[in-house]
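# An overview of the molecular structure
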Amino acid sequence: MIHLYRVNKSYEGIPALREITFSVDKGEFVFLTGPSGAGKTTLLKILFCAERADEGQIIIQGMNTFRLGPSSIPYLRRNMGFVFQDYKLLPHKTVFENIALALKVVGTPYGEIERRALTALKKVGMLNKEHLTPPKLSGGEQQRVAVARSLVNEPQFLLADEPTGNLDPASGQEIFKLFKEINMKGTTVLIATHDWETVRTMQRRIVAMERGRIVSDSRDSQKKPSPAAAVRPGTAS
Ligand SMILES: Nc1ncnc2c1ncn2[C@@H]1O[C@H](COP(=O)(O)OP(=O)(O)O)[C@@H](O)[C@H]1O
Ligand SMILES: [Mg+2]
């Protein structure tokens, strides 16, 4: 579904991504982790075509996005949902209107908007609060609404950047659980987070970044043991 090959990106001459090579298969659930400044957001932005790579190959759903013109970007994004750390909901619109807007802008007929918005709200357990505005909701509830909004166009691929960064641990766990449910229904999920504790307990693929590089990928280590995992002196039983 996604293939990156030797992708490089610098900001004002300072590398943010260095030789990034990795792929995500259809239906996978992947955590992108690493300390602040590692390059996680930059990588997601490149996948969402919000930033351009300097070098390398990027294939998303069979399209080479490295050479993609601006007119093709909305077409590509139609298959993607994006969830941000700060929810990005419109504070003066109701929960229902926030979600309906995402459908209105792509020209969905009203009956269809209503059906889809209510289905998405049901999925995230927010159907009973559709008439409230975001400031009346807890952070966890606001993020649920943002997840619902990301789902209304039925994307094949869901990207999230620190989706639990503003939440208390319990609400964060709920949001991760929600992503897991969404993934089980077939959506491919890629979540950038530095919440290492949660990542460890979720038992999903973990791609770790440091200083712009991928330094480990749990999928690779399952396929072939790395030399570092071989018996070291003094560790053999
Ligand atoms: N728009 C920008 N202009 C200049 N430098 C940037 C910009 N965005 C990110 N960077 C730099 O790129 C590096 C990676 O940042 P980022 O992708 O945000 O990391 P992370 O999401 O892992 O915290 C950092 O050194 C950051 O300062
Ligand atoms: Mg970031």
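Residues numbered from 1 in each chain as written. Chains lettered and ligands numbered in written order. Predicted model: local features only at pLDDT ≥ 70, side-chain atom pairs only at ≥ 80, totals over all residues.

### Structural notes on the pairing of strand β3 (residues 29-33)
When a strand is regular, its side chains alternate between the sheet's two faces. As a reminder, the rule being used: Each residue is classified by how many other C-beta atoms fall within 10 Å of its C-beta atom, where C-beta atoms are placed from the backbone; a count of 20 or more means buried, 12 or fewer means exposed, and values in between mean partly exposed. Secondary structure is summarised from DSSP: a helix means a run of H or I of at least four residues, a strand means a run of E of at least two, and numbering begins at the N terminus for each. Strand pairing requires that DSSP identify at least two bridges connecting the strands.
The buried fraction of β3 is high, at 5 of 5 residues. Judged by which residues are buried, β3 turns out to be covered on both faces: Phe29, Phe31 and Thr33 on one side and Val30 and Leu32 on the other are all buried. As paired strands, β3 and strand β8 (residues 188-193) are joined by 5 bridges and run parallel to one another. Within β8, the position partnered with Val30 by the bridge is Leu190. Relative to strand β9 (residues 205-210), β3 is paired through 4 bridges, and the arrangement is parallel. Paired with Phe31 across the two strands is Ile206, which belongs to β9.

### Considerations on the site of ligand 1
So the rule is basically this: Nearness here has a simple definition: the residue's C-beta atom, placed using the backbone, must lie within 6 Å of the molecule or strand. Residues are sorted three ways: Asp, Glu, Lys and Arg are charged, Ala, Val, Leu, Ile, Met, Phe, Trp, Tyr, Cys and Pro are nonpolar, and all the rest, Gly among them, are polar.
Every residue close to ligand 1 is listed here: Tyr11, Glu12, Ala16, Gly34, Ser36, Gly37, Ala38, Gly39, Lys40, Thr41 and Thr42. Counting residues per element, the shell around ligand 1 draws most heavily on helix α1 (residues 40-47), which supplies 3 residues. When its residues are assigned to classes, the shell around ligand 1 shows 3 nonpolar, 6 polar and 2 charged.

### Quick look at the nonpolar core
Here is a general trend for soluble globular proteins: nonpolar side chains tend to be buried in one another's company. Put simply, the rule is: Note on terminology: a nonpolar core is a set of buried residues of type Ala, Val, Leu, Ile, Met, Phe, Trp, Tyr or Cys, with members joined through C-beta atoms within 7 Å. Each domain's limits were defined by an automated method or a database of domain assignments. A pair of residues counts as a contact when their C-beta atoms, built from backbone coordinates, are separated by no more than 7 Å.
The biggest cluster of nonpolar side chains holds 57 residues, and the ones touching the most others in it are Leu32, Ile99, Ala148 and Leu159. With 6 residues, helix α3 (residues 95-104) is the largest single contributor of residues to this core. Residue contributions to this core reach at least three from each of two domains, namely domain 1 (1-79 + 155-227) and domain 2 (84-154). Beyond its immediate chain neighbours, meaning those up to four positions away, Ala148 contacts Ile99, Ala120, Leu121, Lys123, Val124 and Met126.

### Concerning the environment of Glu162
Secondary-structure assignment places Glu162 in the loop between β7 (157-161) and α6 (169-184). Sequence-wise, Glu162 and Arg78 are 84 residues apart; in three dimensions their C-alpha atoms are separated by 22 Å. Dropping the residues within four chain positions of it, Glu162 is found in contact with Gln85, Ala192 and Thr193.

### Focus on the sheet that holds β7
The test is simple: Axis geometry follows a simple rule: fit a line to the C-alpha atoms, using only the stretch in contact for helices, then measure angles between N-to-C directions, giving values from 0 to 180 degrees.
Across the sheet, which stays open at both edges, the 6 strands sit in the order β6-β7-β8-β3-β9-β10 with mixed pairing between neighbours. If you trace the sheet from one side to the other, it starts and ends with β6 (80-83) and β10 (213-217), each paired once. Between one strand axis and the next, the sheet turns through 20° on average, direction left out of account. By the bridge criterion, 4 bridges tie β9 to β10 in an arrangement that is antiparallel. Pairing of Glu210 across the sheet is with Arg213, part of β10. Across the sheet, α1 touches β3, β7, β8 and β9, and the angle it forms with β7 is around 150°.

### Remarks on the sheet that holds strand β4 (residues 55-60)
Spatially, β2-β1-β4-β5 is the arrangement adopted by the 4 strands of the open sheet, whose pairing is antiparallel. Edge positions in the open sheet fall to β2 (14-24) and β5 (63-64), since each of these has one partner strand only. Summarising the sheet, β4 and β5 pair through 2 bridges and their orientation is antiparallel. Looking at the pairing, Ile59 lines up with Asn64 of β5.

### Section: the domain arrangement of the chain
Its domain assignment divides the chain into domain 1 (1-79 + 155-227) and domain 2 (84-154). Between the C-alpha centres of domain 1 and domain 2 the distance comes to 24 Å. Between domain 1 and domain 2, the residue contacts involve 14 residues of the former and 13 residues of the latter. The set of elements that each furnish at least two residues to the side of domain 1 that touches domain 2 consists of β7 and α6. No other element matches the 5 residues that α6 contributes to the side of domain 1 that touches domain 2. In terms of residue class, the side of domain 1 that touches domain 2 is built from 7 nonpolar, 3 polar and 4 charged.

### A look at α1
Counting buried positions along α1 gives 6 out of 8 residues, so the element sits mostly inside the fold. For α1, every residue scored as buried is listed here: Lys40, Thr42, Leu43, Leu44, Ile46 and Leu47. Positioned one or two residues after α1, Cys49 has a phi angle of 60°, which is positive.

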